[in-house]
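Structure assessment
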Amino acid sequence: MDKKDIRLQYRKSMNHNYLVADMPEGAEEDYRLEMISRNSIPGLLKALRRMNEGREQIYYEISSLQPLSRIYDHKEIKKSEAALLLRGIADVSRTIQEYMLTEGALILDPEYLYVDPENLKPGLLYIPWNGRQMQESLLELTEYLMEHIDQSDPSAAMWTYRLYKTAKNENCILDDIEKVLLDKAVPGPDNGSRIKEKEYIGETAVIPPAELTGFDEEEEEENERRQGLFTRIFGSGTKDKEKKAEKKTSKKDSKKKPHLLKNKEEKEDEPEPFEMPDFSDAFSDMEVVNKDDEDYGKTVFVGQTDTKPENILIEKNKGKQYRINSFPFTIGKVKNCVDLPLTDNSVSRIHARLFLQNGRVYLQDCHSTNGTFINGVQLEAEEQVMLEKEDEIGIGRVRFSYM
């Protein structure tokens, strides 16, 4: 069964959030379904079998976790973070083999690849009737990493390109990806590769509801799209390379060392080692953006003299005003993962987000424990509601006016 045939929906029950999958006919007898529902397998989302309106469904527990695509929807992935994530996925793959589970049923789509937002520890979705090959899933994931990697680090872009080339091999499995991770250029677990610890204040307390409710052709097109990705990251033309080569030659002509040239001539008959693309031209065709001019949603207090059109959140109890400089704009408790950090213990680590769609601002709950509210009505898990000026937004117990 292809991924597009897998129906997934979100459900909230009390203080738990679930990703729900409809069970196809005949899947009831699959031993893998018994394995994931009867065992608590490290690295997999906990799976529960439930009947709903006469049909059986699988409820996957996603409370306290976030999809990878949300965590990096407006920031770049560090090389150490990508390595940590891939090592975690490889560990899960080894673990499930002990339960006679095949890695092909792991879902690595960034939209459904759930991780702990603080340490990127994965909680993977395992759907026995997923018909994709592991190579397809790895190709999709490494392509995502290539598009979102920290481009200020040249070695990171080169490294993710190597991962992508490895994943393109027809029979690629996670072991092949792990061989790239073991490269000495990749930070290992014992040499400082841990990602920076996220800062947040306290644990999320479960608040009683009464305190909260007061407010072929397709393949060809895909190849062309991927070729476009290579063009953006590694450059496409040869003219710039030729110009740079001429400049380098003119600068180094007077500094050539005869003994180095001799060594090069002596090695002409040796097989050439694998060479990655010249990274000096990697971004020659890309528009350079001044980092000082780029804003990822930093919280700013609004001054009385500021007359620019803006979206503002006003915290009701404290009277503080927060300008939303860019979208998406996330609210939660982990300081390094959200744009507006809150200290109230009713707030989840990544609680809710505001985003633009067709020029309008929407509010979305992000699997919060104590709920997200608009004008006193609680949103369902992942529900998206269009905001109007003067709407009241509830983040757990914290109340805001949207202006």
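This text goes with the structure placed above it.
**A short note on the sheet that holds strand S2 (residues 16–22)**
- If you trace the four strands from one edge of the open sheet to the other, you get S1-S2-S4-S3, paired in antiparallel fashion. Two strands in the sheet have a free side with no partner beyond their single neighbour: strand S1 (8–13) and strand S3 (47–52). Across this sheet, the average inter-strand angle for adjacent strands is 35 degrees, counted without regard to direction.
- Taken together, the five bridges between S2 and strand S4 (residues 55–61) define a ladder with antiparallel strand orientation. Residue Asp 22 lies in a different strand from S4, and its bridge partner there is Gln 57.

**Points about the packing of helix H3 (residues 79–97) against helix H6 (residues 174–181)**
- One way to put it is that H3 packs onto H6 with a least axis distance of 10 Å and a crossing angle of 145 degrees. Of the two possible hands of crossing, H3 and H6 adopt the one that is left-handed. In contact with Ala 83, Leu 86, Arg 87, Ile 89, Ala 90, Ser 93 and Arg 94 of H3, H6 contributes Leu 174, Ile 177, Glu 178 and Leu 181.
- For the contact of H3 with H6, the per-class residue count stands at seven nonpolar, one polar and three charged.

**Describing the packing of aromatic side chains**
- In total, this model carries three aromatic pairs according to the counting rule given.
- Aromatic pair Tyr 322 and Phe 400: ring centres 6.4 Å apart, planes at 70 degrees, arrangement edge-to-face. You can see Tyr 322 sitting in strand S12 (residues 321–324) and its partner Phe 400 sitting in strand S21 (residues 398–402), a full 78 residues away along the chain. The exposure classification of Tyr 322 matches that of Phe 400, with both residues buried.
- Look at Phe 355 and Tyr 362: their rings are 5.7 Å apart centre to centre, the planes differ by 20 degrees, and that puts the pair in the stacked class. Of the two residues, Phe 355 and Tyr 362, both sit in the buried class.
- The ring of Tyr 18 carries Arg 50 above its face, with NZ or CZ at 5.1 Å from the centroid.

**Notes on the sheet that holds strand S19 (residues 384–386)**
- A sheet is described by the order of its strands in space; here five strands give the open sequence S14-S13-S15-S16-S19, paired in mixed fashion. In the strand order of this sheet, the two ends are held by strand S14 (340–341) and S19, each with one partner.
- Pairing analysis gives three bridges linking strand S16 (residues 360–365) to S19, with the strands arranged antiparallel. Its bridge partner being in S19, Gln 364 is matched across the sheet by Gln 384.

**Quick notes on the pairing of S1**
- Here six bridges tie S1 to S2, and the two strands are oriented antiparallel to one another. Following the sheet pairing, Ser 13 is matched in S2 by His 16.
- The hairpin turn running from S1 into S2, its antiparallel successor, is two residues long, and Met 14 in that turn takes a positive phi close to 55 degrees.

**Observations concerning the nonpolar core**
- Membership of the largest hydrophobic core comes to 67 residues, with the highest contact counts inside it found for Ile 36, Leu 44, Tyr 60, Leu 113 and Trp 129.
- Leave out the neighbours within four places in its chain, and Ile 36 touches Ile 41, Leu 44, Ala 47, Tyr 60, Leu 101, Tyr 126 and Pro 128.
- Phe 329, Ile 331, Val 361 and Ile 374 belong to the second-largest nonpolar core, a separate cluster that totals 20 residues.

Criteria and thresholds
Residues numbered from 1 in each chain as written. Predicted model: local features only at pLDDT ≥ 70, side-chain atom pairs only at ≥ 80, totals over all residues. Heavy atoms only, no water. Pairing = 2+ DSSP bridges. Helix = DSSP H or I, 4+ residues; strand = E, 2+ residues; numbered from the N terminus. Axes fitted to C-alpha atoms, helices over the stretch in contact; angles between N-to-C directions. Left-handed = near helix turned anticlockwise from the far one by under 90°. Contact = heavy atoms within 4.5 Å. Nonpolar A, V, L, I, M, F, W, Y, C, P; charged D, E, K, R; others polar. Phe/Tyr/Trp six-rings, centres within 6.5 Å; stacked < 30°, edge-to-face > 60°. Buried < 20%, exposed > 50% of the residue type's maximum accessible area, 1.4 Å probe, protein only. Lys NZ or Arg CZ within 6 Å of the ring centre and 35° of its normal. Core = buried A, V, L, I, M, F, W, Y, C linked by side-chain atoms within 4.5 Å.

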